[in-house]
Amino acid sequence: MIDFRFYLVTDRTRCAPKSLASVVHDACVSGVRAVQLREKDLSETDLVSAATRLSGSMRPRGAKLLVNVSPFVDRDTAGLLAASPGVDGFHVPDDPPLLAEFRTLFPKLLIGASTHTLDGIRNAADVGADFVTFGPIFATPSKGRPQGIETLHTVCAAVSIPVFAIGGITVETARECLDAGAHGIAVVGAVMEANSARSAVRAFADAMGEL
């Protein structure tokens, strides 16, 4: 069961000079209950270290930590991460065979998947993803053409798996995504780049009603 509606995705380059650990700590203190550690350039050693460091402030608050599957996360690294008491799951790219592999390797952990089409969502559901992110919904510098609210509504109405809208989502558009049928929203810059992660998260909580 996915018991969160706000999914924070990390990017330490976008919160500098503040440390990633401090931003995640402040976000979780303010109510965030799920974080994706998405630092694709970290080596195996640094990724495991970062996961351990973040989980130290997250677990006392009941927040879940999922690690993004990157080129550095092979089976051995994933095994090390899965064995850590602070890691609750993995987030996998839009790659059904890879997703199926992680679902088989870690049947008791949460598995999320990035998707960009209705077929992608259905494929993820078929191989056992617990939830998906879908986007980009709005314009964002790091992604492609926006999908838009109408497309979000269409895909959410067509599937039963929890869908998190991602891509350019702000406090002002969060409710619009939920009204379109999204289970929740996923954000990066809206919190990572905020002057105060605590204030940013509280603003989303007010807009959404719950995190």
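See the structure shown above.
All values derive from a computational prediction rather than experimental measurement.

## A few points about the packing of aromatic side chains
This structure, assessed with the given rule, holds ten aromatic pairs. Ring plane angle 35° and centroid distance 5.4 Å describe the contact between F4 and F164, whose orientation is recorded as tilted. Highlighted residues: F4 in the segment before β1 (6-9) and F164 in strand β7 (residues 163-166), separated in sequence by 160 residues. Both residues of the pair, F4 and F164, count as buried. Their ring planes at 35° and their centres at 5.0 Å tell us that F90 and F106 sit as a pair that is tilted. With F90 in strand β4 (residues 89-92) and F106 in the loop between α4 (96-105) and β5 (110-115), this residue pair connects regions lying 16 residues apart in the sequence.

## Section: the state of the cysteines
Working definition: the covalent bond between the sulfur atoms of two cysteines is a disulfide. Across all of its chains, the model carries zero disulfides by this definition. Cysteine C15 remains unbridged, with the sulfur of C28 as its closest cysteine sulfur at 13 Å. Looking at C28, the relative accessible area reads 4%, which means it is buried.

## Some thoughts on the pairing of β1
Taking every second residue as pointing to the same face, both faces of β1 are buried, with F6 and L8 on one and Y7 and V9 on the other. For β1 and strand β8 (residues 184-187), the ladder comprises three bridges, and the chain directions are parallel. Following the sheet pairing, F6 is matched in β8 by I185. Sheet analysis places β1 next to strand β2 (residues 34-37), joined by two bridges and oriented parallel. The residue bridging V9 from the neighbouring strand is Q36, located in β2.

## Examining α4
Regarding α4, the residues found buried are L99, F102 and R103. Down the axis, α4 shows its buried residues gathered within 105° of arc, on one side only. Facing away from the buried side of α4 by more than 90 degrees, the exposed set consists of P97 and T104. Of the surrounding secondary structure, the elements contacted by the buried residues of α4 are α3 (75-83), β4, β5 and α5 (118-126).

## Side note on the nonpolar core
Judged by nonpolar contacts, the single largest core of 64 residues is most densely connected at F6, L8, F90, F102, L152, I185 and V191. Residue contacts for F6: discarding those within four places in its chain leaves V32, A34, F164, I185, V187, V191, F204, M208 and L211. Counting eleven residues, the second largest nonpolar core, distinct from the first, contains L66, L110, F131 and A186.

## Focus on the sheet that holds β8
On the basis of which strands lie adjacent, the closed barrel formed by eight strands has the order β1-β2-β3-β4-β5-β6-β7-β8 and parallel pairing. Each strand axis lies, on average, 25° off the axis of its neighbour in the sheet, ignoring direction. Here β4 pairs with β5 via four bridges, running parallel. When the bridges of β5 are listed, H91 appears paired with G112.

Cut-offs used in this document
Residues numbered from 1 in each chain as written. Predicted model: local features only at pLDDT ≥ 70, side-chain atom pairs only at ≥ 80, totals over all residues. Heavy atoms only, no water. Phe/Tyr/Trp six-rings, centres within 6.5 Å; stacked < 30°, edge-to-face > 60°. Helix = DSSP H or I, 4+ residues; strand = E, 2+ residues; numbered from the N terminus. Buried < 20%, exposed > 50% of the residue type's maximum accessible area, 1.4 Å probe, protein only. Disulfide = S-S within 2.5 Å. Pairing = 2+ DSSP bridges. Arc of directions from axis to C-beta. Contact = heavy atoms within 4.5 Å. Core = buried A, V, L, I, M, F, W, Y, C linked by side-chain atoms within 4.5 Å. Axes fitted to C-alpha atoms, helices over the stretch in contact; angles between N-to-C directions.

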